[in-house]
Amino acid sequence: MTLSIRPDLTSADQVLSSLPAQKRKVTEAEMMQAVRTLLIGLGEDPDREGLKDTPKRVMKALQFLTKGYTQSLDELLNGAVFTEDANEMVLVRDIDIFSSCEHHILPIIGRAHVAYIPNGKVIGLSKIARICEMYARRLQVQERLTSQIADALQGLLKPQGVAVVIEATHMCMVMRGVQKPGSWTVTSAMRGVFAEDSRSRAEFMNLIRHNANFH
């Protein structure tokens, strides 16, 4: 491999920057050191009592919050797709969503509403929530998260249609930047009959209608 050398990079940085992101191997010790560096940059002393274990805690928290990267649909489903003569809407609403925005790594908190119309196959209801969680536990933008959930169900079941709506508040808008608490973002992804048939779409939207409020 030929490396493009930049004078502002150390030799380790040069190797990492030359590899695709998915091939980079970073140890837990390196991750913890990165957190220590951030704490020092913020003017803190990472060796004081209250912060001594913070690098490890932050690393473990981020690993948990992004565990969706290590999960797969096959592993998640564990065979929970069944043949069933059903052709009416199946809806699971108010699925709690906890994700992290990829721009600031701050929380996205909200609800997902997921529906599909079977075409000979149904899925275990808990698996719908697990699919939502798998994609949410990654660095995300809400638009992509919504589409990933819809596309996953469409690919797994080949149903007549899939509908997904996510309502969420973004801490990057609440805690920093424009600082607008109470603002909500709503995204939708419609596949099959939900995209083509206004009556099916209207039925779904009517069933999930409520005021977004977590208090």
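Named according to an unreviewed UniProt entry, the protein chain is GTP cyclohydrolase 1 originating from Chrysosporum bergii ANA360D. Under Sequence similarities (unreviewed entry), UniProt gives the following word-for-word description of the protein chain: "Belongs to the GTP cyclohydrolase I family." The record in UniProt for the protein chain states the following under Catalytic activity (unreviewed entry): "GTP + H2O = 7,8-dihydroneopterin 3'-triphosphate + formate + H(+)".

Peer 1: An account of the overall build of the protein chain is requested, with residue identities and associated values reported.
Peer 2: Within the protein chain, the secondary structure is distributed over nine helices and seven strands. Taken across its 215 residues, the protein chain has 34% of its residues classed as buried. When contacts within the protein chain are restricted to residue pairs at least 6 apart in sequence, long-range pairs at least 24 apart make up 67% of them. A total of about 13,000 Å² of accessible surface is found on the protein chain, and carbon and sulfur atoms cover 53% of it.

Peer 1: If you had to explain the pairing of strand β6 (residues 161-170) to someone new, which residues and values would you point to?
Peer 2: Counting buried positions along β6 yields ten of ten residues, so the element is predominantly enclosed. Across the two faces of β6 the burial is the same, with G161, A163, V165, E167 and T169 and V162, V164, I166, A168 and H170 all buried. As paired elements, strand β3 (residues 107-117) and β6 share ten bridges and run antiparallel to each other. For V114, the partnering residue across the bridge sits in β6 and is V164. Sheet topology places β6 next to strand β7 (residues 185-192); eight bridges connect them, and they run antiparallel. Looking at the pairing, G161 lines up with G192 of β7.

Peer 1: How would you explain the side chain of H113 if you had to name every residue and give the values?
Peer 2: Within the secondary structure, H113 is located in strand β3. Of note is the side chain of H113, whose polar atom sits 3.0 Å from the backbone nitrogen of D94.

Peer 1: Please provide a residue-by-residue account of the packing of helix α2 (residues 28-41) against helix α3 (residues 54-65), values included.
Peer 2: Two numbers describe how α2 lies on α3: the axes approach to 8 Å, and their chain directions differ by 115 degrees. The hand of the α2/α3 crossing is right-handed. Facing α2, whose interface residues are E28, M31, M32, V35, R36 and L39, α3 presents T54, P55, K56, V58, M59, K60 and Q63. When grouped by side-chain class, the residues that make up the contact of α2 with α3 number seven nonpolar, two polar and four charged.

Peer 1: Quick rundown of the UniProt feature "binding site: Zn(2+)" (unreviewed entry) in the protein chain? Include the residues and the values.
Peer 2: In this structure's numbering, the residues bearing the UniProt feature "binding site: Zn(2+)" (unreviewed entry) are C101, H104 and C172. Across 72 residues of sequence, these annotated residues stay compact in space, with a maximum C-alpha separation of 7.8 Å. Mapping H104 onto the fold places it in the loop between β2 (90-101) and β3. With residues up to four places along the chain from it excluded, the contact list for H104 reads C172 and R176. Summarising the element assignment, C172 is placed in helix α7 (residues 171-174). Judged by relative accessible area, C172 falls into the buried class, the value being 15%. Ignoring any residue separated from it by four or fewer positions in sequence, one finds C172 in contact with C101, H104, L106 and G177.

What counts as what
- Residues numbered from 1 in each chain as written.
- Predicted model: local features only at pLDDT ≥ 70, side-chain atom pairs only at ≥ 80, totals over all residues.
- Heavy atoms only, no water.
- UniProt positions renumbered as here; feature names shortened; annotations may be inferred.
- Helix = DSSP H or I, 4+ residues; strand = E, 2+ residues; numbered from the N terminus.
- Buried < 20%, exposed > 50% of the residue type's maximum accessible area, 1.4 Å probe, protein only.
- Contact = heavy atoms within 4.5 Å.
- Areas by Shrake-Rupley, 256 points an atom, 1.4 Å probe, with all protein chains shown as cover.
- Pairing = 2+ DSSP bridges.
- Polar contact = N/O pair within 3.5 Å; in protein donor to acceptor, adjacent residues only side chain to side chain.
- Axes fitted to C-alpha atoms, helices over the stretch in contact; angles between N-to-C directions.
- Left-handed = near helix turned anticlockwise from the far one by under 90°.
- Nonpolar A, V, L, I, M, F, W, Y, C, P; charged D, E, K, R; others polar.

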